[in-house]
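# Fold and geometry: a report
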Amino acid sequence: MLRKISVFVLVCTLLIALIAVGCGQKQQDSGTVAQPKIAVYAYGSEPVIYWDPSDTFSNEIIVMNNIYEQLLRYDPIKDEYIYLLATDFDVKENATVWTFKLREGVKFHCGEEFDANAVKYSIERTIERGQGASFIWEPVDEVNVIDKYTVEFKLKYPAALDMIASAGYTAHIFCPKCTEEKRHDWFVQGNACGTGPYMLESWERGNEVVLAKFNDYWGGWSEKNFDKAIIKMIPETGTRRQMLEAGHVDIVHTLPFEDLRALKNNPKIEVITTPSFQNMLGLLNTEKPPLDNKLVRQAISYAVPYKDIVQHVMSGFAEQSRGPIPRNLWGHKEDLFQYEHNLEKAKELLKKAGYENGFKLLLTYTSGDENERKSAELLKAELKKLNIDLEIRGMPWDAQWEMAKATNPKDRQDILLFYWWPDYADPFSYLNSLFHSEDEIVFNLSYWKNEEFDRLIDEANRISGADREEAIRLYGKAQEILVEEAPAVFFFDQMFGRAKLQNFKGYYDNPLYTNVVFFYETYREE
């Protein structure tokens, strides 16, 4: 009942606001003050966790990428860069020296001028603080100011600094003067000072962030741009859907698949489906019988009902994975071998491995994740046909991870369901973090070790900044080893479904900047 009352009060409040806007429009028609154009984004969680731009690694990706700017932005679908604070860059000496020409005439929200010193200050402070996603700058040895609008990065080893400089987290440039005068606590209290098109107007924890256009933005403004953008926290999916259908918000964060299907029939709403870089894997315990046997791991891969999971669990908002690198990210290998649901092949492999009489396995997933649970249930039904008894155990992530890192491999799970998305747009993020040999367990929760695989991806990473084509070839060979050895089941590459008003235009879902609406590019079609 409380939930219904809350929804009713919220909708009434918004209706009153809408009537007020309508009255204001009439006043405009009669020659009075024009009303500001406001975009509203209904988001499911707290919009900002970390305000310090050096520390970011969470929900604030939306706010940060409207207030602050990087040197570059990367579009992985088109495989092209968008120049923001840089206008050009050059790479020399086998990708160990990167020089960026900077945009002139750019101001910070405080009025200070942007220049090469600001780039040096921001990146060095982020590296020094060592928080959030700052590890992406690990290859950087020196940042040198060549002149007022030229900055040079010298690296410890060849690396794709263009990818790093375009990351959605901890690659933003902020005002040195504000930062030195007001320090870290000023950011933490909810303040910001970037060069982006919008500046922070207000923040109310647990409610909303209001952004207002920065009049001196270097990109200029047109009449159709929004004057303000509101990122409003609306935790309940039913309320988000109700507000969208009523036209009180322009776009919503996420909705259940059944809601998205229903909204496709609403002519005032558009559901945009786009690929994401998030995929789901089942990591197999290669240090514990029977999954220490490659043939058994391959049999498990053949037992997965991929089509049923994509259609009935993900409602079509996914596609069976082809290896660990999701589609649209460079390094994805479209001709890589892909397992299919084939129980006869699975039986044949189990017999060859000496396990035709069956065995027991324990699968863990993160409790509360219905997609993982339903996928596990479908797998259990198929494994039963192979005389394999699968126990499915939902656990809080902390407990699941703790079991996965147990000292004795026999105390760990057999199969761990898991999502991965990249820190930055590079296949090394997937292959290294999940499958490179580890002395101390972090995220290689298959516990798989293969020296040739390690050599290939290490070499690919070292040369990727200088010779991407050769890096792709090496990553491809590494993925062939991985699929043959089958230390993981590659379930699906997830797709995102976004619901928005039909007349909310200019929105483009860039999977590298998950959940971000770049408000400067959007407008409302009257």
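What comes next concerns the included structure. Just so we're clear, the structure is a prediction, and the values are computed from it rather than from any experiment.

Criteria and thresholds
- Residues numbered from 1 in each chain as written.
- Predicted model: local features only at pLDDT ≥ 70, side-chain atom pairs only at ≥ 80, totals over all residues.
- Heavy atoms only, no water.
- Pairing = 2+ DSSP bridges.
- Helix = DSSP H or I, 4+ residues; strand = E, 2+ residues; numbered from the N terminus.
- Polar contact = N/O pair within 3.5 Å; in protein donor to acceptor, adjacent residues only side chain to side chain.
- Contact = heavy atoms within 4.5 Å.
- Axes fitted to C-alpha atoms, helices over the stretch in contact; angles between N-to-C directions.
- Parallel < 35°, antiparallel > 145°, perpendicular 65-115°, else oblique.
- Left-handed = near helix turned anticlockwise from the far one by under 90°.
- Nonpolar A, V, L, I, M, F, W, Y, C, P; charged D, E, K, R; others polar.
- Core = buried A, V, L, I, M, F, W, Y, C linked by side-chain atoms within 4.5 Å.
- Buried < 20%, exposed > 50% of the residue type's maximum accessible area, 1.4 Å probe, protein only.
- Arc of directions from axis to C-beta.
- Phe/Tyr/Trp six-rings, centres within 6.5 Å; stacked < 30°, edge-to-face > 60°.
- Lys NZ or Arg CZ within 6 Å of the ring centre and 35° of its normal.

Turning to the pairing of strand 5 (residues 97–102), a few remarks are in order. Where strand 4 (residues 86–92) and strand 5 come together, six bridges link them in antiparallel fashion. Paired with Asp88 across the two strands is Lys101, which belongs to strand 5. Taking the residues that link successive antiparallel strands as the turn, the strand 4-strand 5 hairpin has four residues, and the phi of Glu93 there is positive, at about 50°. Two elements, strand 5 and strand 7 (residues 150–155), share five bridges in a ladder whose sense is antiparallel. Paired with Thr99 across the strands is Glu152, a residue of strand 7.

A few words now on the side chain of Asn510. In this fold, Asn510 is placed in the loop between strand 18 (504–505) and strand 19 (523–524). For Asn510, the side chain forms a polar contact with the main-chain oxygen of Tyr74, separated by 3.0 Å. Apart from residues no more than four positions distant in its own chain, Asn510 is found in contact with Tyr74, Asp75 and Pro76.

A few words now on the packing of helix 3 (residues 116–129) against helix 5 (residues 176–188). Contact geometry of helix 3 with helix 5 gives a least axis separation of 12 Å together with a crossing angle of 30°. Taken together, the axes of helix 3 and helix 5 lie roughly parallel to each other. You can see that helix 3 and helix 5 cross each other, and the crossing is right-handed. Note on element contacts: helix 5 touches helix 3 through Pro176, Thr179, Glu180, His184 and Phe187, opposite Ala118, Tyr121, Arg125 and Arg129. Across the contact of helix 3 with helix 5, the residue classes tally to four nonpolar, two polar and three charged.

Two quantities define a packed helix pair, namely the angle between the axes and the distance from one axis to the other. Where helix 9 (residues 306–313) meets helix 11 (residues 370–384), the closest approach of the two axes is 10 Å, and the angle between their N-to-C directions is 145°. Along this stretch, helix 9 crosses helix 11, giving a crossing that reads as right-handed. Side by side, helix 9 and helix 11 meet where Asp308, Ile309 and Val313 of the first sit next to Asn371, Lys374, Ser375 and Leu378 of the second. The residue makeup of the contact of helix 9 with helix 11, split by class, is three nonpolar, two polar and two charged.

By size, the foremost hydrophobic cluster in this structure holds 161 residues, and its most contacted members are Leu71, Phe100, Trp137, Phe153 and Phe435. With eight residues, strand 12 (residues 269–284) is the single largest residue contributor to this core. Once residues within four sequence positions are removed from consideration, Trp137 is found in contact with Ile123, Thr126, Ile127, Phe153, Leu161, Ile164, Ala165, Thr170 and Ala171.

Turning our attention to the sheet that holds strand 5. The four strands lie next to each other as 4-5-7-6, forming an open sheet whose pairing is antiparallel. A single partner strand is all that each edge strand has here, and the edge strands are strand 4 and strand 6 (140–147). The sheet shows a mean angle of 20° between the axes of neighbouring strands, direction not considered. Along the sheet, helix 3 makes contact with strand 5, strand 6 and strand 7, crossing strand 6 at roughly 165°.

With respect to the helices and strands, Gln494 occurs in strand 17 (residues 488–501). One polar contact links Gln494 to Gln278, side chain to side chain, over a distance of 2.7 Å. Dropping the residues within four chain positions of it, Gln494 is found in contact with Pro275, Ser276, Gln278, Asn279, Met314, Phe317, Ala318 and Tyr419.

Moving on to helix 13 (residues 428–435). Most of helix 13 sits inside the fold, with seven of its eight residues counted as buried. What helix 13 keeps buried is the set Phe428, Ser429, Tyr430, Leu431, Ser433, Leu434 and Phe435.

All right, on to helix 6 (residues 237–245) then. Where helix 6 is concerned, the buried positions are Thr239, Arg240, Met243 and Leu244. Each buried residue of helix 6 lies within a common arc of 135° when the element is viewed along its axis, so the set occupies one face. Looking one or two places after helix 6, you find Gly247, whose phi comes out positive at around 80°.

On to the pairing of strand 7. Burial analysis of strand 7 places five of its six residues in the buried class, the great majority of the element. One ladder, built from six bridges, connects strand 6 with strand 7; its direction is antiparallel. Across the sheet, residue Glu142 finds its bridge partner in strand 7, namely Lys154. Hairpin connection from strand 6 to strand 7: two residues lie between these consecutive antiparallel strands.

Another aspect to go through is the packing of aromatic side chains. The description of an aromatic ring pair uses the distance of the two centres, along with the angle that the planes make with each other. Scanning all chains against the criterion turns up 32 aromatic pairs. For the ring pair Tyr81 and Phe89, a centre distance of 5.9 Å and an interplane angle of 85° mean the geometry is edge-to-face. Measuring from ring centre to ring centre gives 6.3 Å for Tyr83 and Phe89, while their planes differ by 35°; the resulting arrangement is tilted. Residue Tyr83 is classed as partly exposed on the basis of its relative accessible area of 31%. Its end group placed over the ring of Trp218, Arg103 keeps NZ or CZ at 3.9 Å from the ring centre. Stacked on the ring of Tyr447, the Lys or Arg Arg412 has its end atom at 4.3 Å from the ring centre.

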